[in-house]
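Per-entry structural report
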Amino acid sequence: MKLECLHSLYSISPPWNLSLGSELTKSSSKVLKHVEKGVTCCLKSKKTSVEDEKQGVGSTTKKKTRIIDLKVSPHRAVSAVRLMRIEYGGAFADLLNKKGKGSRANEMGYVERTLGFRTRKLDDRDLRLVTDVVGGAIRWRRYLDHLIVSLCNDESTFRSMEPLLLQILRIGFYEILKLDMPPYAVVDENVRLAKVALRPGAGNMVNGILRRLVVLKENDSLPLPKVEGNDRMQARALATLYSHPVWMVRRWIKYIGIEDAISLMMWNNSDPSFSLRANTAKGFARSDLVKRLEKLQVPHELSPYLDDFVRITTGMQNVIQAGLLKEGLCSVQDESTGLVVSVVDPQPGDTIIDCCAAPGGKTLFMASRLRHQGMVCAVDINEGRLRILEETAKLHEVDDVISTVHADVRIYAEKNTVKYDKVLLDAPCSGLGVLSKRADLRWNRRLEDMEQLKNLQDQLLDASSNLVKPGGILVYSTCSIDPGENEERVAAFLQRHTEFRIDSASGYVPSDFVTESGFCSTSPVKHAVDGSFAARLLRSL
Ligand SMILES: C[S@@+](CC[C@H](N)C(=O)[O-])C[C@H]1O[C@@H](n2cnc3c(N)ncnc32)[C@H](O)[C@@H]1O
């Protein structure tokens, strides 16, 4: 996905924003009450600095008062507000801070509306801290909450805790336990935030709980569960220790065994790594990208699997600021998604249909491989995401070979009579292969979702298969590592459609990724890239 689109796509106004009053849900109105209480309190409390701004509007002069607290650390105030938005606003955890137009100002606007005051402006270090703290506090939520409950006097104190107070505690716990920040500074700073944003009593509570945590950490006696007992008890303990939902842990133990399940959870909890794809369609080769990265002093490494890809671990901000993405010279794309395109194997002159195309990561890469000969028809049910695809196709100069269709592919495939050489179905899925990049996804997925997704995947497979020419190829892919969404879907499809057979991915992707059945499967544990699956299915003549 194009990086610059992430921010606007995932920025959702908080539900407790007063202007959204009529849309408030029950739980968000509860949050609103807490937040309003906090705002009223902190407006009454004494501030370090008050800035009066005069704004001239025509002949009248409006006076706007901004309360600025220079003592509260900006990264903590912003992190607390972001965590509130993510948990209660349904926004995704966009861990890539978009620098530039108004983003810092907007962030402070949210702080002011939620907490009732501004802090000093965020600098680069603050922005990095916000990214670390927000991503970490979300990933480690179950682990942190287990310890917070243990350190509260009783469970009801935890259950009835104001949402903002809980976020402040999570920030403090994460900073002490996982970022190894100087503990007493962390205590003081979070106490100050709780006092100013809520009330003095909240600060006292944060002080008591964080100080107990510091002592337990120093004595190496954190109250953590032991991995013992029956399967269910072990899964529960691991779910707390590695901070994942119990149902996911049970599923992974069943499919990949306890050791790999632990490695997978450690991968999911680590900082995500990113790859860049050089946009050769614009005449920008990987060697050009490497030169630019060297100039920007961004550490990088060539992908051993894909000719156009470069891996970076840090320095994404530099890449963004240098305008490489904005100019369409490269995109942020994981190697696992590039390998899916290798399984499709687009060749100049091919006619291809991408059945679930938006926002277009694979469409654009396939189009670049066509070298301006052939066509990719990009279908998606989501108009907004499809628009992003169209804009990026222009920017990347591959729009000459891309046409878009806004439709439900199940209906489109029934009515459409054109057949294609290659059909890609990159199906909606649980995303269990990309949990390191999507920090909050693990908490939003439920076991019940899996059944619904499997039904949808079957329907989409049936529809897409209608669009394949005799002798043509259907590629079914997901960003999941769950056999229920992958191998089992293909097996069920082949039973329903005897005109298709598996065409091995061998020869299209490095043999490391080819399973015994001939599928392409990437695994965070084995290959240190996101998890994905792709099956190449050949239609008989
Ligand atoms: C996994 S995402 C696709 C990602 C995309 N292939 C890429 O590489 O950027 C799944 C997409 O399927 C679309 N989708 C879901 N149901 C659909 C349907 N019935 N018909 C067409 N598109 C659908 C969603 O809107 C979503 O954009």
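Residues numbered from 1 in each chain as written. Predicted model: local features only at pLDDT ≥ 70, side-chain atom pairs only at ≥ 80, totals over all residues.

**Quick word on the environment of Asp-408**
- Take Asp-408: it is sitting in the loop between β9 (402–406) and α18 (409–415).
- Spatially, the C-alpha atoms of Asp-408 and Leu-127 are 40 Å apart, while their sequence positions differ by 281 residues. (Helix = DSSP H or I, 4+ residues; strand = E, 2+ residues; numbered from the N terminus.)

**Some details on the packing of helix α3 (residues 74–89) against helix α5 (residues 124–139)**
- Across the interface, α3 lies against α5 with an axial gap of 9 Å and an inter-helix angle of 40°. Here α3 lies oblique to α5, going by the angle between them. The interaxial crossing formed by α3 with α5 has right-handed handedness. Along the contact surface, α3 presents Pro-74, His-75, Val-78, Ser-79, Arg-82, Leu-83 and Ile-86, while α5 presents Asp-126, Leu-129, Val-130, Val-133, Val-134, Ala-137 and Ile-138.
- A breakdown of the residues in the contact of α3 with α5 according to their chemical character gives ten nonpolar, two polar and two charged. (Axes fitted to C-alpha atoms, helices over the stretch in contact; angles between N-to-C directions. Parallel < 35°, antiparallel > 145°, perpendicular 65-115°, else oblique. Left-handed = near helix turned anticlockwise from the far one by under 90°. Contact = placed C-beta atoms within 7 Å. Nonpolar A, V, L, I, M, F, W, Y, C, P; charged D, E, K, R; others polar.)

**Side note on the sheet that holds strand β6 (residues 330–332)**
- Pairing within the open sheet is antiparallel, and its four strands lie in the order β4-β5-β3-β6. Two strands bound the open sheet, and with one partner strand each, they are β4 (300–302) and β6. Averaged over all pairs of adjacent strands, the angle between strand axes in this sheet comes to 30°, irrespective of strand direction.
- The pairing of β4 with strand β5 (residues 309–312) spans three bridges and is antiparallel. Pairing of His-300 across the sheet is with Ile-312, part of β5. (Pairing = 2+ DSSP bridges.)

**Some remarks on the site of the ligand**
- Neighbouring the ligand are 19 residues; Cys-356, Gly-361, Ile-381, Asn-382 and Asp-426 lie closest to it.
- Of all the secondary-structure elements, those providing two or more residues to the shell around the ligand are α16 (361–369), β8 (375–380) and α18.
- Taken together, the residues of the shell around the ligand sort by class into nine nonpolar, four polar and six charged. (Near = placed C-beta within 6 Å.)

**With respect to the pairing of strand β14 (residues 532–539)**
- The buried fraction of β14 is high, at six of eight residues.
- Bridging between strand β11 (residues 468–478) and β14 involves six bridges; their strand directions are antiparallel. Across the sheet, the residue bridging to Val-475 is Arg-536, located in β14.
- Sheet analysis places strand β13 (residues 520–522) next to β14, joined by three bridges and oriented antiparallel. From the neighbouring strand, Thr-522 faces β14, where its bridge partner is Ser-532. (Buried ≥ 20, exposed ≤ 12 C-beta atoms within 10 Å, placed from the backbone.)

**Observations regarding helix α8 (residues 163–177)**
- The end-to-end C-alpha distance of α8 is 21 Å, a good match for the 21 Å that 15 residues give at a rise of 1.5 Å each.
- α8 sits mainly inside the fold: 15 of its 15 residues count as buried. (Expected span 1.5 Å × (residues − 1).)

**Digging into the UniProt feature "active site" (unreviewed entry) in the chain**
- Following the UniProt record, the feature "active site" (unreviewed entry) maps to Cys-479 here.
- With respect to the helices and strands, Cys-479 occurs in the loop between β11 and α21 (487–496).
- If we skip the residues at most four places from it in the chain, Cys-479 touches Cys-429, Gly-431, Gly-433, Val-434, Asp-530, Gly-531 and Ser-532. (UniProt positions renumbered as here; feature names shortened; annotations may be inferred.)

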